[in-house]
Amino acid sequence: MIVDEHARPEKSPYFIGAQILNVLGRHDREWLSPSIVFEHVRYIVPVVGSGSYAHFLIGLDWLFLVGAIEANPKGEIRRCS
């Protein structure tokens, strides 16, 4: 389930996805590696860093599913316009 009323909101795909979009939107480079984005999100939201990379990946997957981000052949990601 995407929304769990007993989980911390900071670990939800919606919240993490919003932070990913925030990082991608304010970075100078058009394409970023997911690991760089993860480091920025982990700095903004420490609970993501204390959780796992899995929470970040679920947020990333959600953004792909809704068409908010795309990837290039090198595996880098960017916000869709």
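In case you missed it, the structure is sitting above this.
If you're wondering where the values come from, they're calculated on a predicted model, not measured in any experiment.

S.K.: Is there a simple way to explain the nonpolar core in this structure?
M.R.: Proteins that are soluble and globular tend to have nonpolar side chains buried together. The biggest cluster of nonpolar side chains holds 15 residues, and the ones touching the most others in it are Ile20, Leu24, Val37 and Phe56. Of all the elements in the fold, those that place two or more residues in this core are α1 (13-26), α2 (34-44) and α4 (53-65). With 5 residues, the single largest contributor to this core is α1.

S.K.: Quick question: what am I supposed to make of the packing of aromatic side chains here?
M.R.: A ring pair, where both rings are aromatic, is described by two values, the distance of the centres and the angle of the planes. Inspection of every chain in the model, using the stated rule, returns 4 aromatic pairs. Ring geometry for Tyr14 and Trp62: centres 5.0 Å apart, planes at 85°, overall edge-to-face. Here Tyr14, found in helix α1, pairs with Trp62, found in helix α4; they are 48 residues apart in sequence, far enough to count as distant. Given a relative accessible area of 38%, Tyr14 falls into the partly exposed group. Aromatic side chains Phe38 and Tyr53 sit 4.7 Å apart centroid to centroid with 80° between the ring planes, which places their arrangement in the edge-to-face category. In this pair, Phe38 sits in helix α2 while Tyr53 sits in helix α4, placing the two residues 15 residues apart along the sequence. Under the relative-accessibility criterion, Phe38 is labelled buried at 8%.

S.K.: Can you help me understand the pattern of salt bridges in this one?
M.R.: Oppositely charged side chains are able to pair whenever their charged atoms sit close together. Within this structure, the stated rule accounts for 4 salt bridges. In this structure, Arg78 engages Glu30 in a salt bridge whose closest nitrogen and oxygen atoms are separated by 2.2 Å. Taken together, the residues Arg78 in strand β2 (residues 77-79) and Glu30 in the loop between α1 and α2 connect sequence positions 48 residues apart. Glu30 sits in the exposed class, given a relative accessible area of 52%. Across the salt bridge formed by Glu39 and Arg42, the nearest N and O atoms sit 2.8 Å from each other. Of the two residues, Glu39 and Arg42 both sit in helix α2, 3 residues apart, roughly one turn of that helix. The exposure class assigned to Arg42 is partly exposed, which follows from its relative accessible area of 36%. Among the ionic contacts, a cluster of salt bridges with common partners joins Glu30, Glu70 and Arg78.

Conventions and cut-offs
- Residues numbered from 1 in each chain as written.
- Predicted model: local features only at pLDDT ≥ 70, side-chain atom pairs only at ≥ 80, totals over all residues.
- Heavy atoms only, no water.
- Core = buried A, V, L, I, M, F, W, Y, C linked by side-chain atoms within 4.5 Å.
- Buried < 20%, exposed > 50% of the residue type's maximum accessible area, 1.4 Å probe, protein only.
- Helix = DSSP H or I, 4+ residues; strand = E, 2+ residues; numbered from the N terminus.
- Phe/Tyr/Trp six-rings, centres within 6.5 Å; stacked < 30°, edge-to-face > 60°.
- Salt bridge = Lys/Arg side-chain N within 4 Å of Asp/Glu carboxyl O.

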